[in-house]
Amino acid sequence: MAGSNYHAFKHSYFYTMQKILFVCLGNICRSPLAEGILLHLKEKQHLPFEIDSAGTAGYHIGEAPDPRTIANARKNGVDLSALRARQFQASDFDKFDWIFTMDKSNYNNLLKLTSNKEQQQKLKLFLEFATGQNGAEVPDPYYGNEKDFEKVFQLVYSASLQLCEKLNSSSD
Ligand code: 4NP
């Protein structure tokens with residue numbers, strides 16, 4: 001029935017462009033990985049997403065992702081080499097529909113920068129939102145080894161699959 005289709009159209013995230021920002025501390029390990037994986041899934045699944053990433057800190061502005069993150073993602077079929085780090089800006093709250101932080105520390109830092117309820121509602125802990133696990137975080141692999149980078153890849157990849165499904169399903 002046309003009426004119910006219209007209802008589904010109006011209320012499904014699928015038909016609306018979703019602007020998604022991933023945030024970590026340095027924007028060279030976890031959030032560019034999430035950005036690259038989402039870009040990869042967007043291509044494969046033809047998803048109406050605009051995707052970006054940023055860091056709460058400005059240590060690595062203009063840099064490519066960490067070489068270990070690039071190498072591990074490449075091994076898993078995801079190319080991150082074109083991405084460049086930038087710092088989160090308060091104006092990002094108005095530019096994006098969803099702001100997904102990699103851990104609680106990033107979450108709390110951004111929460112302090114919000115200026116209204118609408119901005120606060122856009123802010124989510126990535127793993128908690130995607131997987132439903134209360135308080136789950138993506139661990140920082142920066143001081144870790146190759147195994148830690150692989151663990152982070154698998155964690156972010158599987159959560160990203162769930163995120164795509166969640167944003168694609170009806171919000172009714
Ligand atoms: P990220 O990892 O937040 O996942 O990009 C880090 C990268 C760099 C630093 C810390 C964490 N750093 O201290 O330079």
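About the thresholds
Residues numbered from 1 in each chain as written. Predicted model: local features only at pLDDT ≥ 70, side-chain atom pairs only at ≥ 80, totals over all residues. Heavy atoms only, no water. Near = heavy atom within 4 Å. Polar contact = N/O pair within 3.5 Å; in protein donor to acceptor, adjacent residues only side chain to side chain. Areas by Shrake-Rupley, 256 points an atom, 1.4 Å probe, with all protein chains shown as cover. Nonpolar A, V, L, I, M, F, W, Y, C, P; charged D, E, K, R; others polar. Salt bridge = Lys/Arg side-chain N within 4 Å of Asp/Glu carboxyl O. Helix = DSSP H or I, 4+ residues; strand = E, 2+ residues; numbered from the N terminus. Buried < 20%, exposed > 50% of the residue type's maximum accessible area, 1.4 Å probe, protein only. Contact = heavy atoms within 4.5 Å.

Engineer: Which parts of the structure should I look at to understand the site of the ligand?
Structural biologist: The environment of the ligand is formed by Cys24, Leu25, Gly26, Asn27, Ile28, Cys29, Arg30, Tyr59, His60, Asp140 and Tyr142. Backbone polar atom of Leu25 to an oxygen atom of the ligand: 2.9 Å apart, as the coordinates give it. Gly26 places a main-chain nitrogen or oxygen 2.9 Å from an oxygen atom of the ligand. The fraction of the free accessible surface of the ligand (360 Å²) that becomes covered by protein chains is 92%. The residue inventory of the shell around the ligand, partitioned by class, reads six nonpolar, three polar and two charged.

Engineer: When you look at the pattern of salt bridges in this model, what are you seeing that I'm missing?
Structural biologist: Pairing between side chains of opposite charge can happen when their charged atoms approach one another. Evaluated as defined, the whole model comprises six salt bridges. Among the ionic pairs, Arg30 bridges to Asp140, the shortest N-O distance being 3.9 Å. Of this pair, Arg30 sits in helix H2 (residues 30–45) while Asp140 sits in the loop between helix H7 (126–131) and helix H8 (146–168); the two residues are 110 residues apart in sequence, bridging distant segments of the chain. Overall, the relative accessible area of 40% leaves Asp140 in the partly exposed class.

Engineer: In this structure, what is going on with the environment of Arg84? I would like to understand it.
Structural biologist: Mapped onto the secondary structure, Arg84 falls in the loop between helix H3 (67–75) and helix H4 (92–95). As for Arg84 and Ser53, which are separated by 31 residues in sequence, their C-alpha atoms are 9.1 Å apart. With residues near it in sequence (within four places) discarded, Arg84 still touches Asn27, Gly62, Glu63 and Ala64. A distance of 2.9 Å separates the side chain of Arg84 from the backbone oxygen of Ser81, its partner in a polar contact.

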